[in-house]
Amino acid sequence: MRLFLSVLLVTLALCCYEANALPCPALVEDLSGFLLKPTSAFKVSLANYGAPPEAVQAVLDVKSCTDNISDSRRQALIKILVISFFFVHRGFCSAE
């Protein structure tokens, strides 16, 4: 148990030492667009990635489910997703 705790603390120290860093603006825009933009506007932003039509349709299918979530809960989801994604994928893109 002590070894596991030590490894966990070292991993957290190496991966999450920048607790005050800002997430990438493009990431915030994509996540908030997924939850807040209408489907037609979000489909245009998906075109930037050049994904296959099947993948785009799969994302739009999931978006149709998230469109049924209330606005206040969507705002809470945006905050949770941006914070958790940033700490897991630190260095994914620069916040400059």
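These numbers come from a predicted model, not from an experiment. (Residues numbered from 1 in each chain as written. Predicted model: local features only at pLDDT ≥ 70, side-chain atom pairs only at ≥ 80, totals over all residues. Heavy atoms only, no water.)

What about the pattern of salt bridges?
The condition that has to hold: For this document, the term salt bridge refers to a Lys or Arg side-chain nitrogen within 4 Å of an Asp or Glu carboxyl oxygen. With a 1.4 Å probe rolled over the protein chains alone, any residue whose accessible area is under 20% of its type maximum counts as buried; one over 50% counts as exposed, and the rest are partly exposed.
All chains considered together, the criterion is met by three salt bridges. The residue K37 makes a salt bridge to E29 at a minimum N-O spacing of 3.4 Å. Classification of E29 as partly exposed rests on a relative accessible area of 42%. Between D67 and K63 there is a salt bridge, and its shortest N-O distance comes to 3.0 Å. Owing to a relative accessible area of 26%, D67 belongs among the partly exposed residues under this scheme. Note on K63: relative accessible area 0%, which makes it buried.

Observations regarding the confidence of the model for the chain
Put simply, the rule reads: Residue-level confidence of the predictor is summarised by pLDDT, bounded by 0 at the bottom and 100 at the top. Strands here are runs of E lasting at least two residues and helices are runs of H or I lasting at least four, both read from the DSSP assignment and numbered beginning at the N terminus.
Per-residue confidence for the chain gives a mean pLDDT of 75, with 69% of residues at or over 70. No element of the chain has a lower mean pLDDT than helix α1 (residues 2-15), which averages 70, and none a higher one than helix α4 (residues 53-66), which averages 89.

Points about a nonpolar patch on the surface
The condition that has to hold: Only residues whose relative accessible area exceeds 30% and that form no salt bridge enter a patch; like-charged residues are grouped when within 9 Å of one another, and nonpolar side chains (Val, Leu, Ile, Met, Phe, Trp, Tyr) when within 5 Å. Under the convention used here, a 1.4 Å probe and the Shrake-Rupley method define accessible areas, while residue burial counts only the protein chains that appear.
Together, F4, L5, L8 and L9 give the surface a local cluster of nonpolar side chains, amounting to about 400 Å² of exposed area. Among the residues examined, F4 registers a relative accessible area of 55% and is labelled exposed.

Structural notes on the packing of helix α2 (residues 25-36) against α4
Using the following cut-off: Note on method: axes are straight lines fitted to C-alpha atoms, helices fitted across the in-contact stretch only, with angles between N-to-C directions ranging 0 to 180 degrees. When an angle is under 35 degrees it counts as roughly parallel; over 145 it counts as roughly antiparallel; between 65 and 115 it counts as roughly perpendicular; any other value is oblique. Whether two residues touch is decided by their heavy atoms; if any such pair falls within 4.5 Å, the residues are in contact. Under the convention adopted here, Pro, Cys and the residues Ala, Val, Leu, Ile, Met, Phe, Trp and Tyr are nonpolar, Asp, Glu, Lys and Arg are charged, and Gly plus all remaining residues are polar.
At their nearest, the axes of α2 and α4 sit 8 Å apart, and the two run at 60° to each other. By the angle between their directions, the pair α2 and α4 is classed as oblique. Residue-level contacts link G33, F34 and L35 of α2 to V59, V62, K63 and T66 of α4. For the contact of α2 with α4, the class distribution of residues is four nonpolar, two polar and one charged.

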